[in-house]
Amino acid sequence: MARKNQSPAVKAPREPGDEYPEKVRILAEGRLVSDRLWNADLAPARQRNWKVRSLFALWMCDVHSIAGYTFAAGLFITGLVGWQVFLALVLGITLVYFLMNFAGTAGQKTGVPYPVLARMSFGLFGANLAALIRALIAIAWYGIQTWLASEAVLVLLFSVWPQLTSLDGPDVPRILGLTPLGWAAFLVLWAVQLLVIRRGMETVRRFQDWAGPAIWVAMFALAIYILAQAGNKFSLSIPGVAPLDGPAALTQFFSAIALTVTYFAALLLNFCDFSRFSPDRKTILRGNFWGLPVNFIAFALVTVVVTAGAASYFTADQYAGQDMFKVITDPVAIVQAIRNPWITIIAAVTFVVATIGINVVANFVSASYDLANVAPHRIDFRRGGLISAVLAILILPWNLFSSPVVIVYFLGGLGALLGPLFGVIFTDFFRIRHQRCKVSDLYHEDENGLYFYTKGWNLKALAALIPAAVVAGVLALVPALQTFLPGGSGLGPYSWFVGAILASLIYYTITRNDARTVRARTEEHD
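Conventions adopted
Residues numbered from 1 in each chain as written. Predicted model: local features only at pLDDT ≥ 70, side-chain atom pairs only at ≥ 80, totals over all residues. Heavy atoms only, no water. Axes fitted to C-alpha atoms, helices over the stretch in contact; angles between N-to-C directions. Helix = DSSP H or I, 4+ residues; strand = E, 2+ residues; numbered from the N terminus. Parallel < 35°, antiparallel > 145°, perpendicular 65-115°, else oblique. Contact = heavy atoms within 4.5 Å. Buried < 20%, exposed > 50% of the residue type's maximum accessible area, 1.4 Å probe, protein only. Core = buried A, V, L, I, M, F, W, Y, C linked by side-chain atoms within 4.5 Å. pLDDT = per-residue confidence, 0-100. Left-handed = near helix turned anticlockwise from the far one by under 90°. Phe/Tyr/Trp six-rings, centres within 6.5 Å; stacked < 30°, edge-to-face > 60°. Lys NZ or Arg CZ within 6 Å of the ring centre and 35° of its normal. Salt bridge = Lys/Arg side-chain N within 4 Å of Asp/Glu carboxyl O.

Moving on: the packing of helix α3 (residues 66-74) against helix α15 (residues 331-338). Packing of α3 against α15 leaves a shortest axis separation of 9 Å and a crossing angle of 90°. It follows that α3 is roughly perpendicular to α15 by the angle criterion. Between α3, through Ile66, Tyr69 and Thr70, and α15, the contact on the second element is made entirely by Pro331, Val332 and Ile334.

So this is what it looks like as structure tokens:
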């Protein structure tokens, strides 16, 4: 409902500097701040203390993880040799760096989190669609990664204290799929992560500032140990994997580049949740440079050394009857195979810290803001985090992960929406609005505001999102399209690019001459 003609509320006395400029402007224009759009956590950032070091540490937490290593090491079994894997990762992360700068600039310039930024393109209430899609993915992967890390810690502890295996054996009764010991490990990791997020974004920043470097030191030490053990046996070729050449190698190489970008697809949407706390664009560019190309190249080197080194010196005794490829692409299995209790204990602690780091960065923060956006007057950032954490238990993530149908079709289908969302949101901000934003209009419901559209929904954004998402979903999910190219690759890895480009083209075509868009480019902005 339009609120333009309502008299502004009488402002209570306040302490100097207690008010937000955006609220002052809304009231000065004779409008009311909507409690369906505003709370202190969704408001533009007032403190800008995320400097280069904090952004660098953020990327260290995100990159150096069990999932990150497994992804990078898994490229070896596609038939690419060490230098090809390394080059594909370098080219992929270079693309991510430039794309992430777009997301970071939008957050820093406006000072708002992802769901509020989405209001510009999807409308004040249509943004909830974009936010909930991101939240569903975040909550599911938060639960899955917490469970995988708890399982990893148990496996490593069993290798040091074998007597504990009796508490987690096949004869031990299960409660909703886990043994009591399994539940204890899962809930401890769950509670530690909740404790970090419940203290707010400043605690997140402080945690990452020490966790990122700590994870990197542990991974670097593991690489040195593996390299020393391999000695002159070290080789970049993986036994049992025939190196590809010609068209087969080329298609797998480009697939690896595309998959590297897709690995960061979720954060490409919500990096603004963090960059909004940075003082200027230069800080973002420098933090991203050290945290993405430089940090990721170092990570790629560690991955190449550890994977190839383990394959070079591990024997049947280390594999203990397990498949070689499963061991060398899983950091938990590699540490277990080393059979050194001190390395095992250090690795267990590192895996816990790494899981907390990546979950907070990639999943927890995003879900907290996304859920707060649904009902700002009832859900703040901390309450959104609590709801996310509870939902991550209720979905029983171990059952999700064990179901190929759920992983491939549910999470894969939602993931195919990330590219189109990126295409619409950032085409709107950079190509349509030329980085001009009236931030105050993001927080009131006056129908004459720039982002009200049709009852709070921008139907043109949906018209661009839906067909692009369908095409991206087909590319990502149809089995026949996954292995028909030379070398066994397919079109699935390119679904993010196709969805983003197609949504961008459609959205730009149908909105560039829209009357509201023209007005938005010429009206006075915050």
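Now that the structure has been shown, we can carry on.
Turning to the environment of Gln482, a few remarks are in order. Tracing the backbone through its elements, the reader meets Gln482 in the loop between α21 (459-477) and α22 (495-511). With relative accessibility at 24%, the residue Gln482 sits in the partly exposed group. Beyond its immediate sequence surroundings of up to four residues, Gln482 is in contact with Leu475, Ala476, Leu477, Gly488, Ser489, Gly490 and Gly492.

Let us look at the nonpolar core. Of all hydrophobic cores here, the largest spans 158 residues; its most connected members are Met100, Leu117, Phe122, Met201, Phe264, Phe274 and Trp496. Counting residues per element, this core draws most heavily on helix α16 (residues 341-374), which supplies 17 residues. With near-sequence residues (within four places) excluded, Met100 lies in contact with Trp59, Phe264, Leu267, Leu268, Phe271, Asn288 and Leu292.

The subject of this paragraph is the confidence of the model for the chain. For the chain, per-residue confidence averages 85 on the pLDDT scale, and residues scoring 70 or more make up 92% of the total. Looking across the chain, the model is least confident in helix α19 (residues 404-415), with a mean pLDDT of 63, and most confident in helix α5 (residues 114-122), with 97.

Attention shifts here to the packing of helix α4 (residues 82-110) against helix α9 (residues 246-263). Packing of α4 against α9 leaves a shortest axis separation of 8 Å and a crossing angle of 40°. The orientation of α4 relative to α9 falls into the category oblique. Along this stretch, α4 crosses α9, giving a crossing that reads as right-handed. Within the contact between the two elements, α4 uses Gln84, Leu87, Ala88, Leu89, Leu91, Gly92, Ile93, Leu95, Val96 and Leu99 and α9 uses Ala249, Phe253, Ala256, Ile257, Thr260 and Val261.

Before going further, it helps to examine the packing of aromatic side chains. The tally for this structure, following the rule as stated, stands at 23 aromatic pairs. Consider the rings of Phe253 and Phe254, whose centres lie 5.7 Å apart with planes at 75°: the pair is edge-to-face. Residue Phe254 is classed as partly exposed on the basis of its relative accessible area, which comes to 43%. Through a chain of ring-to-ring contacts, the aromatic side chains of Trp59, Tyr263, Phe264, Phe271, Phe296 and Phe299 assemble into a single cluster. Cation over ring: Arg46 sits above Tyr20, and NZ or CZ is 4.7 Å from the ring centre.

Attention now moves to the pattern of salt bridges. For the structure on display, the rule yields nine salt bridges. In this structure, the salt-bridge partner of Arg36 is Glu445, at a minimum N-O distance of 2.6 Å. Separated by 409 residues along the polypeptide, Arg36 in the loop between α1 (21-28) and α2 (52-63) and Glu445 in the loop between α20 (418-432) and α21 bring together distant segments of the chain. Notably, a salt bridge pairs Lys460 with Asp514, separated by 2.8 Å at the nearest N-O pair. Of this pair, Lys460 sits in helix α21 while Asp514 sits in the loop between α22 and α23 (515-522), and the two are 54 residues apart along the sequence. For Lys460, a relative accessible area of 30% translates into the label partly exposed. When salt bridges that share partners are traced, they join Arg25, Glu29, Arg31, Lys438, Asp441 and Asp446 into one network.

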